[in-house]
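# Coordinates in review
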Amino acid sequence: MKIRFLSPHKLIPTEETDARRVDELHGLISAAGCWTVPITVEKDALFVMDGHHRLEVAFRLGLHAVPTVLLDYRSVRVEAWRAGETITPADIYDMARNRQKFPIKTTRHIFLDDLPACDVKLDDLRQWYEPLDNPERLAG
């Protein structure tokens, strides 16, 4: 599993976010000066599996790229956060295709493999331009 650097504008959010959580993460990430948790993204449709709040922070910070891990539902299980609800990958694909969003904390993605860590300076992510000449350069 590799870290891939993608423009946040290419990623499709499928859940609403909580402004207070975005504010909190914005403060933490800004203070650290680096990005340490990749956003997990469905590899073909490019919708966000986990990391909707981090994606909002990326927009606030004006980042040209974010660390991502590209996955599919062979290595990810999805379930609903709320008792009595059922969420399937097909439901999420439909939301992404229609550019609609579930309410906050609807989908819970469970990763069957450990996700890679990253440690990328925010300044590097602000200065990134596609195509990245050396995709491993920022993988720190």
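On a predicted model such as this, the values are computed, not experimentally measured, just so you know. (Residues numbered from 1 in each chain as written. Predicted model: local features only at pLDDT ≥ 70, side-chain atom pairs only at ≥ 80, totals over all residues. Heavy atoms only, no water.)

### Structural notes on the environment of Arg-82
When you line up the elements, Arg-82 lands in the loop between strand S6 (76-80) and helix H3 (89-97). The spatial distance from the C-alpha of Arg-82 to the C-alpha of Phe-111 is 19 Å, given a sequence separation of 29 residues. Setting aside anything within four residues of it in sequence, one finds Arg-82 in contact with Pro-103, Ile-104, Lys-105 and Thr-106. Polar side-chain contacts of Arg-82 include one of 2.8 Å to the backbone oxygen of Ile-104. (Helix = DSSP H or I, 4+ residues; strand = E, 2+ residues; numbered from the N terminus. Contact = heavy atoms within 4.5 Å. Polar contact = N/O pair within 3.5 Å; in protein donor to acceptor, adjacent residues only side chain to side chain.)

### Here's the deal with helix H1 (residues 19-32)
Helix length check: H1, at 14 residues, gives a terminal C-alpha distance of 20 Å against a target of 20 Å (1.5 Å per residue), a fit within 8%. Among the residues of H1, Val-22, Leu-25 and Ile-29 are the ones counted as buried. Buried residues in H1, looked at end-on, bunch into an arc of 70°, giving them a common side. Opposite the packed face of H1, turned more than 90 degrees from it, sit the exposed residues Arg-20, Leu-28 and Ala-31. Buried residues along H1 sit in contact with strand S2 (34-35), helix H2 (52-61) and helix H4 (122-127). One side-chain oxygen at the N-terminal end of H1 lies 2.8 Å from the backbone nitrogen of Arg-20; it belongs to Asp-18. Immediately beyond the C-terminal end of H1, within one or two residues, lies Gly-33, with a positive phi of roughly 75°. (Expected span 1.5 Å × (residues − 1). Buried < 20%, exposed > 50% of the residue type's maximum accessible area, 1.4 Å probe, protein only. Arc of directions from axis to C-beta.)

### So, the sheet that holds strand S5 (residues 66-71)
Backbone-to-backbone hydrogen bonds join strands into a sheet, with any given pair of strands oriented parallel or antiparallel. If you walk across this open sheet you meet the four strands as S1-S5-S3-S4, and the pairing is mixed. With partners counted over all chains shown, the strands left at the sheet margins are strand S1 (4-6) and strand S4 (48-50), one partner each. Averaged over all pairs of adjacent strands, the angle between strand axes in this sheet comes to 50°, irrespective of strand direction. Both S1 and S5 contribute to a ladder of three bridges, which runs antiparallel. Residue pairing across strands places Leu-6 opposite Val-66, the latter belonging to S5. In this fold H2 packs onto strand S3 (39-42), S4 and S5, with an angle of close to 120° to the strand it touches most, S4. (Pairing = 2+ DSSP bridges. Axes fitted to C-alpha atoms, helices over the stretch in contact; angles between N-to-C directions.)

### A word on the packing of H1 against H2
Two elements in contact, H1 and H2, have axes separated by 9 Å at closest approach and are oriented at 60°. Our classification of the angle between H1 and H2 gives oblique. Where H1 crosses over H2, the two elements pack in a sense that is right-handed. Facing Ala-19, Arg-21, Val-22, Asp-23, Leu-25, His-26, Ile-29 and Ser-30 of H1, the residues of H2 in contact are His-53, Arg-54, Glu-56, Val-57, Arg-60 and Leu-61. (Parallel < 35°, antiparallel > 145°, perpendicular 65-115°, else oblique. Left-handed = near helix turned anticlockwise from the far one by under 90°.)

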